[in-house]
Structures are given as C-alpha cells and as structure tokens.
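# A structural walkthrough
Read off the chains here:
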Amino acid sequence: QVQLVESGGGLVQAGGSLRLSCAASGIRFSISVMGWYRQAPGKQRELVAHISSTASTTYADSMKGRFTISRDNAKNTVYLQMNSLKPEDTAVYYCNAQGVNGYWGQGTQVTVSS
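Below is a short write-up of the structure. Keep in mind that this is a model prediction, so the values were computed, not measured.

### Quick look at the pairing of strand S3 (residues 18-25)
Across five bridges, the pairing between strand S1 (residues 3-7) and S3 is antiparallel. In the sheet register, Gln-3 faces S3, and the bridge partner there is Ser-25. Sheet topology note: the S3/strand S8 (residues 77-82) ladder contains six bridges and is antiparallel. Note on S8: the bridge partner recorded for Leu-20 is Leu-80.

### Details of the sheet that holds S8
Strand order in the open sheet formed by four strands is S1-S3-S8-S7, and the pairing between neighbours is antiparallel. In this open sheet, the two strands that pair with only one neighbour each are S1 and strand S7 (67-72). Recorded for the sheet is a direction-independent mean angle of 15° between the axes of neighbouring strands.

### Considerations on the environment of Ile-27
Mapped onto the fold, Ile-27 is located in the loop between S3 and strand S4 (34-39). Expressed as a C-alpha distance, the spacing of Ile-27 and Gly-105, which sit 78 residues apart in the sequence, is 13 Å. Apart from the residues lying within four places of it in its own chain, the contact partners of Ile-27 are Val-2, Ser-32, Met-34, Ala-97, Gln-98 and Tyr-103.

### Thoughts on the state of the cysteines
Applying the stated rule across the entire model yields one disulfide. Between the sulfur of Cys-22 and that of Cys-95 lies a disulfide, 2.0 Å long from S to S. A torsion of -85° about the S-S bond marks the disulfide between Cys-22 and Cys-95 as left-handed. In this pair, Cys-22 sits in strand S3 while Cys-95 sits in strand S9 (residues 91-97), placing the two residues 73 residues apart along the sequence. Summarising the burial analysis for this pair, Cys-22 and Cys-95 share the class buried.

### Considerations on the packing of aromatic side chains
Applying the stated criterion to the full structure yields one aromatic pair. With 5.0 Å between their ring centres and 65° between their planes, Tyr-37 and Trp-104 make a pair best called edge-to-face. Here Tyr-37, found in strand S4, pairs with Trp-104, found in strand S10 (residues 103-104); they are 67 residues apart in sequence, far enough to count as distant. Residue Tyr-37 is classed as buried on the basis of its relative accessible area, which comes to 12%. The ring of Tyr-37 is capped by Arg-45, whose NZ or CZ atom sits 5.7 Å from the centre of that ring. Between Arg-71 and the ring centre of Phe-29, over which it is positioned, the NZ or CZ distance is 4.6 Å.

Thresholds, definitions, all that
- Residues numbered from 1 in each chain as written.
- Predicted model: local features only at pLDDT ≥ 70, side-chain atom pairs only at ≥ 80, totals over all residues.
- Heavy atoms only, no water.
- Pairing = 2+ DSSP bridges.
- Helix = DSSP H or I, 4+ residues; strand = E, 2+ residues; numbered from the N terminus.
- Axes fitted to C-alpha atoms, helices over the stretch in contact; angles between N-to-C directions.
- Contact = heavy atoms within 4.5 Å.
- Disulfide = S-S within 2.5 Å.
- Buried < 20%, exposed > 50% of the residue type's maximum accessible area, 1.4 Å probe, protein only.
- Phe/Tyr/Trp six-rings, centres within 6.5 Å; stacked < 30°, edge-to-face > 60°.
- Lys NZ or Arg CZ within 6 Å of the ring centre and 35° of its normal.

Structure (structure tokens):
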C-alpha cells in the first residue's frame, strides 16, 4: 500500500542542477516527516535533508546552501532541488517517509561528471 516513487535523477556535469521528486501514496503525507538520503557504492547511507510536518528543514553540512528540500502536501510530493553539483554528490538518492525505520523508495541514480 505504501509507495514512494522517486524521479528526476540522471547524468549532469559538475556545477549543474537537478530536481528530484518523490511521489508518496498510502501514508498520511501531511503529517509525515519526509527526507532524502543517499548512498554511494561502498559507503554508508547518509542523510541529505529532511522536512518535518511543520515544514522545518534540516540539511547535512555539505549540502547547506546547495540543496533545498520542499514539500507540496496537495500533491503528496517531496522535492530535492540540487544546485552546484559536485562529483562527490554521485550516489543513489532515496526518498524516505517517517524516518529511517519508516518507508523507503527504490532510489534514483544521480551521476555528476567532472
């Protein structure tokens, strides 16, 4: 029943931008904490950003000033706007609902070339 579907990943040159989208269903979206995490091969999953039910946002230090998380409760969708992308941003990006013990999407690949 719960489904999180990411889209918007792809290949981009360093310094470029991408916007990821995550469409959620089967959850009470408006009261759910939503987040984006990423994982590169051989590395631990790490938080990118999350946004609370009250629209408070939190970012990992390396993403501050470059990435913006937002939500549209009318569309049950959370977004991640990524600017000034760096090769080290290359990873699979996962949408999350209700924290790390909650629900996860299948991920979307972001590759930043140098």
